[in-house]
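Chain residues, written in single-letter form:
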Amino acid sequence: MTKPADQFKWQELTVGFVIPEPGTAREYHTGDWRSTHPVWDEKKCIKCGRCWVFCPDMAVFQKADQYFTMNPDYCKGCSICSRECPTEAITMLEGK
Amino acid sequence: MTEPSRKKIGVEVSIAVSEAVKQCDVDVVSAYPITPQTHIVEHLAELVAQGELDAEFVPVESEHSAMSVCAGSVAAGARTFTSTASQGLALMAEIVYCVSAMRLPIVMVVANRSLSSPLSIWNDHSDAMMVRDSGWIQVFVENGQESYDHIFWCFRVAEDEKSLHPVMLNMDGFILTHTIEPIEYWEDEMVKKYLPPFQPKFRLHPEHPLTMGAFGPPEIFTECKKAQDQALIATMPVIEKAWEEMEKICGRKYSAVETYRAEDAKTLLVTMGSFSETARVAIDEMRETGEEIGLVSLRLWRPFPFEKFRNAVKNAENLIVIDRAMVFGGPGGPVASEIRSALYSGKKRPRIVNFIAGLAGRDVQPDDFYQMVQHAKTKIKDGTEDEYEIYGVRE
Amino acid sequence: MINLDLYAPLMLPKEELFTSGHRACQGCAEALAVRIVCKALGRNSIVAMATGCMEIVSSPLPTTAWQIPWIHVAFENAAAVASGVESGLKALMRKGRLPHKKITIAGMAGDGGTADIGLQALSGAMERGHDMIFVCYDNEAYMNTGIQRSSATPFGASTTTSPAGKVKAGQETWKKNMPEIMAAHGIPYVATACSAYPIDLYEKVKRAALVKGPAYVHCLSVCPTGWRIPSGDAIRYGRLAVETAAFPLYEVIDGKYQLTFDSPKLKPITDYFKGQGRFRHLTPEAVARIQERITRDYEKLRAKCENVNK
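Per-chain numbering applies: the sequence of each chain, read as written, is numbered from 1 onward. All chains are assigned letters beginning at A, and all ligands numbers beginning at 1, according to the order in which they are written. For this predicted model, a pLDDT threshold of at least 70 governs which residues receive local features, and a threshold of 80 or more governs which side-chain atom pairs are given and counted, while totals over whole chains, interfaces and linings are taken from all residues. As a convention, hydrogens and water are excluded, and side-chain values are obtained from all of the structure's heavy atoms.

Some details on the side chain of B:Ser255
Residue and element names in this part refer to chain B. Within the secondary structure layout, Ser255 lies in the loop between helix H9 (236–250) and strand E10 (257–260). Burial classification: accessible surface area is computed with a 1.4 Å probe over protein chains only, and a residue below 20% of its type maximum counts as buried, one above 50% as exposed, and the rest as partly exposed. For Ser255, a relative accessible area of 16% translates into the label buried. When checking whether two residues touch, look at their non-hydrogen atoms; a contact exists if any pair is within 4.5 Å. With residues near it in sequence (within four places) discarded, Ser255 still touches Trp243, Arg299 and Lys308. Segments assigned H or I by DSSP are reported as helices when at least four residues long, segments assigned E as strands when at least two residues long, and all are numbered from the N terminus.

Here you go:
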């Protein structure tokens, strides 16, 4: 786990300020930005994956039962998934 | 210890410099031609074309891209060289600042030349002074042999794991680049012994996916700059060691601050670059007339060698600092300003008289140094030594 | 009958090489483009990125959204840096200092870092023939600094430096044709793409990576913030840009043009403009003028393409 930027002493910084670990942005949860959230109606869902492929935040994932849902840590609530769903299976609801 | 080779050959200094780059077995050379650097990159292109140097020669469309290509290639782990001057350095200046903070150990020869306008292709130090605060290790050389020797030094200092800084070798345009001098080449074995292979701490490669050149929000930027400053200061032992080792290899002794007939001198000339050689001739002549004068030649410009400099001038009453660049509307030349700052906190401070001379190739002969010493005496007598003088200007 | 195209997204690799936690705005179709491009590039690649939205949102210290090696140096030099990485690796592999391995080098920039301040470095890198891809994520203005116009901003669009006012109707110049400029370099591969067509974008980047020599992909990347549209409409507007030929999709492979999306009947440009805040001020006369230009440009493009009925 990386510390927040404002807790680093200068001595703790890497040479050239290189970030040696990949993908650490995952530690930053953009889910806090959300004011609406998507809800999947699995009766309507055809598991096509359009909600997954169009998510700019990699916040939609496929569950073990092949249906899709959102990752609350990262979903910013943009509603692209809802707009692009071919069967209108995704509804945006107010709140987180 | 390798027996130093003693055979000297007459060669244009630019060619010798390129031969040294070849001997360092660089992987990438990227440059854009500009007078008076051209002979260096032309010769490197020739060496690559002839198969004598196995390197990628990247003939970019601008100096900005030259430094950018260097950033990419050294980030990939390749030993990387470039060279420029004047307007070229100005154009690439943005990236010059980036690569030092990113700790990318590029070696660059700057064939020092004045900055426009008016356009001039001739030598002074205004280009080097423009990037004074760029965070590079910056060194000045006095003659052809020093230029050649310091290419090996530059790569060693740049790539040392305790350094990892870009290094700028400043050599006076035309005065050095286009002069044929007797130069003693190193045997390849000596280079091999002196310069270990480049082993980057971080490199761009899919095996270790890392992020270089990340964005610095305000909460961390100040810490980044402190770390950068401390890292540059911490290169001093690497720099000193590289000179010590060089003496063992080739027998020539270099130092951050060099003195000539300075021990008992009341007055010291302070110079950088090829002026220092001329100044030595002038000092010999003045010494014969009983003048108590010597020379301090500043070789290392960044990191500034505070201790060594203070020590070198501790017994002097007067310093005559000769700058080769302007600071418009400022306190005098950049070297003089630096030296005033370096000495201000001392208990015993010498007087500092500042001349700006030799702009854009204006010739400065031994007699001109003599004249500057006489002017300095008058200024001290009149109490006007704080006012810098552009030497030789017609008015 | 099942429409198999509907299930095409499931064919894309699941692995994300551009990760969650990046700070792009809600509904950023440029972040989506980066995501799809990275899927196509795969793990054996290195990215050199220009300063801009994607650089800022992906790399604030001390974290990174990148799973592949990534370098940023400055705004205008992504192509030069990428060409340096390529040259460095080439030399090191040739000299036996690194094991031989196919590594895809990709330069990336926004429309400013490509068509404006970065054009010279890009032209140089393409002309020199480096084995690299350059991807332009075109959101049609300087969004990172606050929606200022670029040379890729379309005619009529209102931005903060081409504002619509009493005497001016927004951007007064036509969108610079970057793909044509790249094609004029005679490089082996040029394509336009849009993240509203992720499979097409993926396939084009895959093809670009296989090409020996320079390849250029110009990706329209809808920006809800700058275009003043609801975030959920980012994909829909990308589709409309293609369906109206405001942004046609095509490839130029070894000089040969082919359309990748050809509609027998283009949608009117008004379908695309409707609802975009940046075009809201346009008069019917201005729209007619733009429609005429778009139709003409599209016919010119079709005439060059070998795979369309003329």
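Some words on the packing of helix H3 (residues 63–75) of chain B against helix H3 (residues 78–94) of chain C
Orientation of H3(B) relative to H3(C), taken along the N-to-C sense of each, is 45 degrees, at an axis distance of 6 Å. Relative to H3(C), the element H3(B) lies oblique. The handedness of the crossing between H3(B) and H3(C) is right-handed. Contact residues: B:Ser65, B:Ser68, B:Val69, B:Gly72 and B:Ser73 in H3(B); C:Ala80, C:Val81, C:Ser83, C:Gly84, C:Val85 and C:Gly88 in H3(C). Polar here means any residue outside two lists: the nonpolar Ala, Val, Leu, Ile, Met, Phe, Trp, Tyr, Cys and Pro, and the charged Asp, Glu, Lys and Arg; Gly therefore counts as polar. Residue classes in the contact of H3(B) with H3(C) are distributed as four nonpolar, seven polar and no charged. Only C-alpha atoms enter the line fits that serve as axes; for helices the fit covers just the stretch in contact. Angles between N-to-C directions range over 0 to 180 degrees. Each angle gets one of four labels, with under 35 degrees taken as roughly parallel, over 145 as roughly antiparallel, 65 to 115 as roughly perpendicular, and the rest as oblique. A crossing counts as left-handed when the near helix is turned anticlockwise from the far one by less than a right angle, and as right-handed when that turn is clockwise.

Remarks on the interface of chain B and chain C
Contacts between the two partners involve 42 residues from chain B, matched on the other side by 43 residues from chain C. Interface area, chain B with chain C, both sides summed: about 3300 Å², of which 62% is carbon and sulfur. Counted as salt bridges are all cases of a side-chain nitrogen of Lys or Arg within 4 Å of a carboxyl oxygen of Asp or Glu. For the interface between chain B and chain C, the tally reads eight salt bridges. The salt bridge partner of C:Arg97 is B:Asp25, with a shortest N-O separation of 2.3 Å. Definition of a polar contact: a pair of N or O atoms within 3.5 Å, with one able to donate and the other able to accept a hydrogen when the atoms are protein atoms, and with sequence-neighbouring residues admitted only if both atoms are side-chain atoms. One can count 20 residue pairs in polar contact (both at pLDDT 80 or more) joining chain B with chain C. Broken down by element, the residue count for the side of chain B that touches chain C peaks at eight residues, all from H3(B). Summed over both partners, the accessible surface that disappears when two parts come together, traced with a 1.4 Å probe, is what is meant by buried area.

With respect to the nonpolar core
One finds B:Met67, C:Trp66 and C:Met108 to be the most contacted residues of the largest nonpolar core, which totals 169 residues. In this structure, C:Met108 is in contact with C:Val37, C:Leu41, C:Val47, C:Ala48, C:Met49, C:Ala50, C:Trp66, C:Ala78, C:Phe134, C:Val135 and C:Tyr137, ignoring residues within four places of it in sequence. By nonpolar core is meant a set of buried Ala, Val, Leu, Ile, Met, Phe, Trp, Tyr and Cys residues that side-chain atoms within 4.5 Å join together. Within the second largest apolar cluster, 74 residues are counted, among which are B:Val107, B:Trp243, B:Leu268 and B:Ala336.

Quick word on the interface of chain A and chain C
Listed as interface residues are 40 residues of chain A and, on the opposing side, 42 residues of chain C. Taken together, both faces of the contact between chain A and chain C bury some 3400 Å²; the carbon and sulfur share is 62%. Where chain A packs against chain C, one counts two salt bridges. Linking A:Arg83 and C:Asp233 is a salt bridge whose minimum nitrogen-to-oxygen distance equals 2.5 Å. Taken together, the connections running from chain A to chain C amount to 19 residue pairs in polar contact (both at pLDDT 80 or more). Listing elements by their share of the side of chain A that touches chain C, those giving two or more residues are helix H1 (50–53) and helix H2 (80–84) of chain A.

Considering the side chain of C:Glu30
Residue and element names in this part refer to chain C. Checked against the element boundaries, Glu30 lands in helix H1 (residues 29–41). None of His or the chain ends enter the tally, which takes Lys and Arg as positive and Asp and Glu as negative. One buried charged side chain, Glu30, makes no salt bridge at all; its nearest oppositely charged neighbour is Lys175, positioned 11 Å away. In terms of polar contacts, Glu30 uses its side chain to reach the side chain of Asn139, at 2.7 Å. With residues near it in sequence (within four places) discarded, Glu30 still touches Met54, Tyr137, Asn139, Ser221 and Val222.

Let's talk about the domain arrangement of chain B
Residue and element names in this part refer to chain B. Domain limits in this description derive from either an automatic procedure or a database domain assignment. Domain assignment breaks chain B into domain 1 (8–250) and domain 2 (257–390). Between domain 1 and domain 2, the C-alpha centre-to-centre distance is 28 Å. Approximately 2200 Å² of surface area, both sides summed, lies buried where domain 1 meets domain 2, with 58% of it carried by carbon and sulfur atoms. Looking only at domain 1, the three residues that lose the most surface to domain 2 are Arg132, Phe140 and Glu142, adding up to 29% of its buried area. The interface formed by domain 1 and domain 2 holds six salt bridges in total. Where domain 1 meets domain 2, there are 14 residue pairs in polar contact (both at pLDDT 80 or more).

Some points on the environment of B:Leu319
All names here are of chain B. Locating Leu319 in the fold gives a position in strand E14 (residues 318–323). What makes Leu319 buried here is its relative accessible area of 0%. Sequence separation between Leu319 and Lys266 is 53 residues, and the spatial gap between their C-alpha atoms is 8.6 Å. Setting aside residues up to four positions removed in sequence, Leu319 forms contacts with Leu268, Val270, Phe309, Val313, Ile339, Leu343, Pro350, Arg351, Ile352 and Val353.

Section: the pattern of salt bridges
Applying the stated criterion across every chain yields a total of 50 salt bridges over all chains. One salt bridge connects A:Asp65 with A:Lys63, and the closest N-O pair in it is separated by 3.9 Å. Exposure remark for A:Asp65: the relative accessible area of 39% places this residue in the partly exposed category. Residue A:Lys63 is classed as partly exposed on the basis of its relative accessible area, which comes to 27%. Here the residues in one salt-bridge network are B:Asp25, B:Asp27, C:Lys95 and C:Arg97, joined through shared partners.

Focus on the state of the cysteines
Residues and elements named next belong to chain B. Disulfides are defined as pairs of cysteine sulfur atoms found within 2.5 Å of each other. One pass over the structure, following the stated rule, counts zero disulfides over all chains. Cys24 forms no disulfide, and the closest cysteine sulfur to it belongs to Cys154, at a distance of 8.9 Å. In this structure Cys224 is not part of a disulfide, and its nearest cysteine sulfur, from Cys98, lies 13 Å away.

Examining the sheet that holds strand E6 (residues 215–220) of chain C
The nine strands lie next to each other as E9(B)-E2(C)-E1(C)-E3(C)-E4(C)-E6(C)-E5(C)-E7(C)-E8(C), forming an open sheet whose pairing is mixed. Strands with a single pairing partner mark the edges of an open sheet, and in this sheet they are strand E9 (211–212) of chain B together with strand E8 (256–259) of chain C. Where strand E3 (residues 104–110) of chain C meets strand E4 (residues 133–138) of chain C, five bridges bridge the pair, whose relative direction is parallel. Following the sheet pairing, C:Ala109 is matched in E4(C) by C:Cys136. Taken strand by strand, helix H11 (residues 284–304) of chain C contacts strand E7 (250–253) and E8 of chain C, and its axis lies near 120 degrees from that of E8(C). Paired strands, as defined in this entry, are two strands with at least two bridges between them according to DSSP.

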